[in-house]
Amino acid sequence: MSNSIKKTEMLIEISEAQNNLGLYKEGINTAKEAIEICIKLSDKEAEANAKLALSNCYVTNKNFDKAEQVLEETMLIYKNLNLEGGVADVNSKYGELFAWKRSSDEDNIKAKEYLLEAISYRLENNEYSSLATDYFELAIVYSNSNNAAKTLEYYYKAIEIIRDPRYSTITGGSNRLAAGYANIGLVYKNAYENNLAIEYYIKALNSLPKNGNVSNRSIMNYQLSVLHMRNGNFSNGYNYIYKSLKLGKDIKNDYRIKDGYEQLGQLHFEKDNLDSAYYYFNKALEISEKTKVERESIHYSLG
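So, how was this worked out
Residues numbered from 1 in each chain as written. Predicted model: local features only at pLDDT ≥ 70, side-chain atom pairs only at ≥ 80, totals over all residues. Heavy atoms only, no water. Helix = DSSP H or I, 4+ residues; strand = E, 2+ residues; numbered from the N terminus. Expected span 1.5 Å × (residues − 1). Buried < 20%, exposed > 50% of the residue type's maximum accessible area, 1.4 Å probe, protein only. Phe/Tyr/Trp six-rings, centres within 6.5 Å; stacked < 30°, edge-to-face > 60°. Lys NZ or Arg CZ within 6 Å of the ring centre and 35° of its normal. Polar contact = N/O pair within 3.5 Å; in protein donor to acceptor, adjacent residues only side chain to side chain. Axes fitted to C-alpha atoms, helices over the stretch in contact; angles between N-to-C directions. Parallel < 35°, antiparallel > 145°, perpendicular 65-115°, else oblique. Left-handed = near helix turned anticlockwise from the far one by under 90°. Contact = heavy atoms within 4.5 Å. Nonpolar A, V, L, I, M, F, W, Y, C, P; charged D, E, K, R; others polar. Salt bridge = Lys/Arg side-chain N within 4 Å of Asp/Glu carboxyl O.

Draft legend 1. How the structure looks around helix 8 (residues 148-163). In this model helix 8 runs 22 Å from its N-terminal to its C-terminal C-alpha over 16 residues, within 8% of the 22 Å that 1.5 Å per residue would give. Three or more residues of helix 8 are buried, namely T151, L152, Y154, Y155, A158, I159, I161 and I162.

Below is the structure:
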């Protein structure tokens, strides 16, 4: 194996790690560097692998148009090379893209079709690591359709695989387990099963590795703040939102910072601290107007 090929493989791994940590822009730049090397080497399979990593960064960064464009190019390469596994990987990523995009009912239908196609291949070829990912994304599809029973069914299926010792080498397994627990917590939160939701969010935080996705950690703390506020435990509500806000500032994530200020405002409002509530609501509004940040759906990415 040439040093250049080794370098592209290393860059793809670094891009995936950056994406897992919530460093999406850095992950995008690293993947692009890998693609440039692959093109110079005329290594089409490596190019497709690097483009798949790039599409992953675009999806998690909510840049769906660019992700779709890159996936079209990637799918063409894998098909031309007759790499069925690569085609299945692209189907999985298309499923994730449309599950998260959900600009219309059609997106949800597309997501389900792509994921079922990928799942069929995984089951035939015993690719359980990737199957866990597909089950995870299919749960999000059902969540988009407000089907709580199916949502929980597929999150539990994903978690069952991730926790199986036979698949302990699943890449990012702890991140995925944490995301699964957190999304189950979200289902229970939406059903106002506050104590169950708290239980699963704590499981999620305990499962997330120290180098896990910082944005996800921030969201988990945010949700725990909301849940404790619902239960009238304002001390815990403040404690969790301060943690969430600090994490958001650490990674300079406007979504997380805005949500943190809004929740602080809500906590102060509930306690009749109206001056403080007004201050934090205005801080959130400033970020929203400055960066055009709109409320983001709070599902948890696998990274």
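Draft legend 2. Examining the packing of aromatic side chains more closely. Within this structure, the stated rule accounts for 11 aromatic pairs. Between Y261 and Y280 the ring centres are 6.0 Å apart and the planes differ by 25°, which places this aromatic pair in the stacked class. Linking Y261 in helix 13 (residues 254-270) with Y280 in helix 14 (residues 274-291), this pair joins segments that are 19 residues apart in sequence. For the pair Y261 and Y280, one class covers both residues: buried. Three or more aromatic residues joined by ring pairs make a cluster, and in this case those are Y94, F98 and Y114. Taking NZ or CZ as reference, K157 lies 5.4 Å from the ring centre of Y135, over its face. Sitting above the plane of the F234 ring, K271 keeps its charged end 5.1 Å from the centroid.

Draft legend 3. Examining the side chain of D259 more closely. In this structure, D259 sits in helix 13. Residue D259 is classed as buried on the basis of its relative accessible area, which comes to 5%. Here the side chain of D259 touches R256 through a polar contact of 3.4 Å, side chain to side chain.

Draft legend 4. Focus on the packing of helix 3 (residues 44-60) against helix 4 (residues 64-80). Put simply, helix 3 and helix 4 touch, their axes get as near as 9 Å, and they point 160° apart. The angle between helix 3 and helix 4 places the two elements in the roughly antiparallel class. Regarding helix 3 and helix 4, the two cross each other, and that crossing is left-handed. Between helix 3, through K44, E47, A48, N49, K51, L52, L54, S55, Y58 and V59, and helix 4, the contact on the second element is made entirely by F64, K66, A67, V70, L71, E73, T74, I77 and Y78. Within the contact of helix 3 with helix 4, the residues separate by chemical class into 11 nonpolar, 3 polar and 5 charged.

Draft legend 5. Inspection of the environment of T151 at higher detail. Following the sequence through the fold, T151 ends up in helix 8. With 100 residues separating them along the chain, T151 and I251 place their C-alpha atoms 30 Å apart.

Draft legend 6. Representation of the pattern of salt bridges in the model. Scanning the entire structure with this criterion turns up 14 salt bridges. Taking the shortest distance from any N to any O, the salt bridge between E96 and K93 comes out at 2.6 Å. Taken together, the residues E96 and K93, both in helix 5 (residues 84-101) and 3 residues apart, mark about one turn of the helix. For the pair E96 and K93, one class covers both residues: buried. Three or more residues joined by partner-sharing salt bridges are found here, namely K44, E47, K51 and E73.

So far we have only geometry, and geometry alone does not tell us how the molecule works.
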